[in-house]
Amino acid sequence: MNHQKFAEEWIRAWNSHDLEDILSHYAEDIEVTTPMISLATGGKESTLKGKTAVRDYWEKALAQFPDLHFELIRSTAGVNSVALFYTSIMDKHAVEIMFFDDEGKINKMYAHYD
């Protein structure tokens, strides 16, 4: 996998606000862990499992942040994984570590924010 090309496509999808384009990068059994989920759920949970739960969460997030725009700073590659460093919502810096299944879809993701 070309991690730089993937990073550019992923950023483009998010900046398009096209939920189907965004979700096309993720496996059906995706597991997303991020402090933003904890904020949205009042600390009740920090991980979402399955594309349906992730879709519902991101649909609300995109509506809440209509000016959402990510800016890629750097991407790095690992074993069946990439880490993206980018400017996120509210001008926060983010690092997302994404792990891929055998079909090249993200099946696990961890997000970190400053």
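Please refer to the structure higher up on the page.
Residues numbered from 1 in each chain as written. Predicted model: local features only at pLDDT ≥ 70, side-chain atom pairs only at ≥ 80, totals over all residues. Heavy atoms only, no water.

**Student:** I'm lost on the sheet that holds strand S1 (residues 26-33) in this one. Help?
**Tutor:** Ordered in space as S2-S1-S6-S5-S4-S3, the six strands form an open sheet in which the pairing is mixed. Across the chains shown, the open sheet's two edge strands, defined by having one partner strand only, are strand S2 (47-49) and strand S3 (71-78). On average, adjacent strands in this sheet sit at an angle of 20 degrees to one another, irrespective of strand direction. Of the pairings in the sheet, the one linking strand S5 (residues 93-100) to strand S6 (residues 106-113) comprises seven bridges and is antiparallel in character. The partner of Ala 94 across the bridge, within S6, is Tyr 113. Against the sheet, helix H1 (residues 3-16) engages S1, S3, strand S4 (81-87), S5 and S6, with an angle of about 140 degrees to S3. Sitting on the sheet, helix H4 (residues 51-64) is in contact with S1 and S2, with an inclination near 60 degrees to S1. (Pairing = 2+ DSSP bridges. Helix = DSSP H or I, 4+ residues; strand = E, 2+ residues; numbered from the N terminus. Axes fitted to C-alpha atoms, helices over the stretch in contact; angles between N-to-C directions. Contact = heavy atoms within 4.5 Å.)

**Student:** Quick question: what am I supposed to make of the pattern of salt bridges here?
**Tutor:** When charged atoms on two side chains of opposite charge get close, those side chains can pair. Going through the model one piece at a time under the given rule, you end up with four salt bridges. The salt bridge involving Glu 28 is made with Lys 51; its shortest N-O contact spans 3.7 Å. Of the two residues, Glu 28 is situated in strand S1 and Lys 51 in helix H4; the sequence distance between them amounts to 23 residues. Judged by relative accessible area, which is 59%, Glu 28 ranks as exposed. With relative accessibility at 14%, the residue Lys 51 sits in the buried group. With a shortest N-O distance of 3.9 Å, Lys 108 and Glu 31 are connected by a salt bridge. (Salt bridge = Lys/Arg side-chain N within 4 Å of Asp/Glu carboxyl O. Buried < 20%, exposed > 50% of the residue type's maximum accessible area, 1.4 Å probe, protein only.)

**Student:** Got a minute to help me understand the packing of aromatic side chains in this structure?
**Tutor:** Remark: the centre distance and the inter-plane angle together describe each pair of aromatic rings, the angle taken between the planes. A complete count under the given rule lists nine aromatic pairs for this structure. Ring centres of Trp 14 and Phe 70 lie 5.5 Å apart, and the angle between their planes is 40 degrees; this geometry places the pair in the tilted category. Of this pair, Trp 14 sits in helix H1 while Phe 70 is found in the loop between H4 and S3, placing the two residues 56 residues apart along the sequence. Grouping residues by exposure puts Trp 14 and Phe 70 together as buried. (Phe/Tyr/Trp six-rings, centres within 6.5 Å; stacked < 30°, edge-to-face > 60°.)

The values are spatial; any link to function lies outside them.
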